[in-house]
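Now for the letters of each chain:
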Amino acid sequence: MINRINLDKDTELRLLTIQDAPAFLAVINHSRTNISEFLPWVDRVNSLADAHSWIQLRLDKHALGEHMTLGIWKSGTPAGGVMYRSIDHEKHECEIGYWLDDAYVGVGLISTACRWMIRYAFNGLGMDHIVIQCAAKNKRSRALPERLGFALEHFLKDDFVHRGINHDSVLYGLWRSDYLATTPSVV
Ligand SMILES: CC(C)(COP(=O)(O)OP(=O)(O)OC[C@H]1O[C@@H](n2cnc3c(N)ncnc32)[C@H](O)[C@@H]1OP(=O)(O)O)[C@@H](O)C(=O)NCCC(=O)NCCS
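Quick caveat, the model's predicted, so the values are computed rather than measured.

Cut-offs and rules
- Within each chain, residues carry numbers counting from 1 in the order of the written sequence.
- Local features in a predicted model are, by the rule used here, given only for residues with pLDDT of at least 70; side-chain atom pairs are given and counted only at 80 or more, and totals for whole chains, interfaces and linings are based on all residues.
- Placing a C-beta atom from the backbone of each residue, we mark the residue near a molecule or strand if the atom is within 6 Å of it.
- A run of H or I in DSSP becomes a helix once it reaches four residues, and a run of E becomes a strand once it reaches two; helices and strands are each numbered from the N terminus.
- Residues were grouped as follows: Ala, Val, Leu, Ile, Met, Phe, Trp, Tyr, Cys and Pro as nonpolar; Asp, Glu, Lys and Arg as charged; and all remaining residues, including Gly, as polar.
- Labels follow a simple rule on C-beta atoms placed from the backbone: if 20 or more others lie within 10 Å of a residue's own, it is buried; if 12 or fewer, it is exposed; otherwise it is partly exposed.
- Pairing between two strands is assigned when DSSP locates at least 2 bridges connecting them.
- Seen with its strands pointing away from the viewer, a crossover is right-handed if its path from the first strand over the helix to the second goes clockwise.
- Directions from the helix axis toward the C-beta atoms define the arc.
- We call two residues in contact when their backbone-placed C-beta atoms lie within 7 Å.

What follows concerns the site of the ligand. Neighbouring residues of the ligand: 21 residues in total, closest Leu100, Gly108, Ile110, Ser111 and Arg140. Those elements that provide at least two residues to the shell around the ligand are helix H2 (32–35), strand S5 (93–100), helix H4 (109–123) and helix H5 (139–147). Classifying every residue of the shell around the ligand by side-chain character gives 13 nonpolar, 7 polar and 1 charged.

Laid out in structure tokens, this is it:
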């Protein structure tokens, strides 16, 4: 798999490694309120040791070809991350996830990163179906698959518990055939 991509002259995606733990933690700490609202794992990342463990677990899955977390760097500054949460080579299906530092919300950075993730999933990894799952109440997150041409495929009632509260989820999907039919007009 790829581990470094230049999206434009000052935006880079790079495989998140143990050396990036301080930068990863700094983004989480700076924007903890918003990033943690619907992402339960954020509550378990509170120290450098937690950040190391979080990254190492994902590097282990990456080594098996089942996962990829890329840090997003804007002019050399850590701005967030985008990931294939899972890569299923039998079903040819992967799931994309993402987060941003508050300082970079609202400028299209995740949309740009996800356009690359989508293209690479179909063209580089041979996926047939890409999914994005969000808390039903997470409007900013839902806007992303809707903007990028995904279809709403499932509503999952009481899908996960976060801080003692049950949350519904929505699952969006994009099929390779639909992507090919609409590219470049949608993605
Ligand atoms: C979800 C999250 C990544 C969305 O961030 P975002 O900045 O809204 O997403 P994008 O990068 O796609 O940017 C879209 C915004 O940039 C604007 N924009 C500017 N240029 C753009 C471009 N070229 N392409 C797309 N959008 C652009 C859009 O109008 C939109 O702004 P608006 O909502 O104010 O109208 C962010 O809110 C976040 O980190 N949330 C916390 C973590 C989280 O919930 N993760 C998802 C879990 S499923």
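Moving on, we come to the pairing of strand S6 (residues 129–135). Within S6, 5 of the 7 residues are buried, leaving the element largely enclosed by the surrounding structure. Note: S5 against S6, 3 bridges, orientation parallel. Note that in S6 the partner of Glu93 across the bridge is His129. Following the backbone out of S5, through H4 and into the adjacent parallel S6, one traces a crossover that is right-handed. Direction of pairing for S6 relative to strand S8 (residues 165–175): antiparallel, over a ladder of 7 bridges. What sits directly across from Gln133, in S8, is Leu171.

A few words on helix H1 (residues 21–30). What H1 keeps buried is the set Ala21, Phe24, Leu25, Val27 and Ile28. Buried residues in H1, looked at end-on, bunch into an arc of 160°, giving them a common side. Each element contacted by the buried residues of H1 is listed here: H2, helix H3 (48–63), strand S3 (68–74) and strand S4 (77–88).

With that out of the way, let us pick up the pairing of S4. Examined bridge by bridge, S3 and S4 share 7 bridges and lie antiparallel to one another. Bridged to Lys74 within S4 is Thr77. Linking S3 back to S4 in an antiparallel pair, the connection comprises 2 residues, with Ser75 at a positive phi of about 50°. Examined bridge by bridge, S4 and S5 share 8 bridges and lie antiparallel to one another. Considered in S5, the bridge of Ile87 is made with Cys94. Adjacent in sequence and paired antiparallel, S4 and S5 are bridged by 4 residues, among which His92 carries a positive phi angle near 55°.

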